[in-house]
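Listed below are the residues making up each chain.
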Amino acid sequence: MTPPVDVALAFIEAFARRDLDLAATFVADDVTFESPRVSLSGAPAYLAAVGEFAQLVDGVQVIAAVGDATQALVMYDMATEPFGTIRAADRYVVAGGRITANQLVFDTSRLHT
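In this text, all values refer to a predicted model and were calculated from it rather than measured experimentally.

Engineer: Lay out the packing of aromatic side chains in plain terms, naming residues and giving numbers.
Structural biologist: For any pair of aromatic rings, geometry is given as the distance between the ring centres together with the angle between the planes. Inspection of the entire model under this criterion finds 3 aromatic pairs. Aromatic pair Phe11 and Tyr92: ring centres 6.0 Å apart, planes at 65°, arrangement edge-to-face. Of the two residues, Phe11 sits in helix α1 (residues 4-16) while Tyr92 sits in strand β5 (residues 84-95), which places them 81 residues apart along the sequence. Relative accessible area serves as the criterion here: at 3%, Phe11 is assigned to the buried category. For Tyr92, a relative accessible area of 1% gives the class buried.

Engineer: Pulling in residues and values, what's your account of the nonpolar core?
Structural biologist: Core analysis: the largest hydrophobic core is formed by 30 residues, its most contacted members being Phe11, Tyr46, Tyr76, Tyr92 and Ile99. Mapped onto this core, the elements with two or more residues apiece are α1, β1 (27-34), α3 (43-54), β4 (71-80), β5 and β6 (98-106). Ranked by residues supplied to this core, first place goes to α1 with 7 residues.

Engineer: Which residues make up the UniProt feature "domain: SnoaL-like" (unreviewed entry) in the chain, and what values go with them?
Structural biologist: As recorded in UniProt, the sites labelled "domain: SnoaL-like" (unreviewed entry) are residues 10-101. When the span residues 10-101 is considered, its composition is 26% helix and 52% strand, and the gap between its end C-alpha atoms is 15 Å.

Here is what the cut-offs are and how they apply
Every chain begins its residue count from 1, and numbering advances along the sequence as written. Per-residue local features of the predicted model are confined to residues with pLDDT of at least 70, and side-chain atom pairs are confined, for both listing and counting, to 80 or more; whole-chain, interface and lining totals are unaffected and use all residues. Excluding hydrogens and water, the side-chain values take into account all heavy atoms of the structure. Note on aromatic pairs: the rings of Phe, Tyr and Trp (six-membered ring only in Trp) are paired at centre separations within 6.5 Å, and the planes decide the class, stacked below 30 degrees, edge-to-face beyond 60, tilted for the rest. Going along the chain from the N terminus, every DSSP run of H or I of four or more residues is numbered as a helix, and every run of E of two or more is numbered as a strand. Residue burial is assigned from relative accessible area. The probe radius is 1.4 Å, only protein chains are included, and a residue is buried under 20% of its type maximum, exposed over 50%, and partly exposed in between. The nonpolar core is taken to be a set of buried Ala, Val, Leu, Ile, Met, Phe, Trp, Tyr and Cys residues, with the residues joined through side-chain atoms within 4.5 Å. UniProt positions are given in the numbering used here, feature names are shortened, and annotations may be inferred rather than shown by experiment.

So, in structure tokens, the structure goes:
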């Protein structure tokens, strides 16, 4: 079985490349998502939100990634055209090689500039 940290990194890399078809392969149908701006349930809503934001992303630089048998935490800098670089941390819960929950934390003040 693929370790959760590897699933999380593969998902973030696919997101950064705007490869949403690949990103979707890492997402469970019943995924839940929480961020400072929105809470979502289900793969269609989650992938739509991820896809919309991915259009603004120019690249991702992973700072650190750690995990255990069920979850991963990834901190990264996300370069965006409209907002500059946003530092973010994502906690992913992974079961059966798919993300079942994602909690995203970032400073929302960058989105108001």
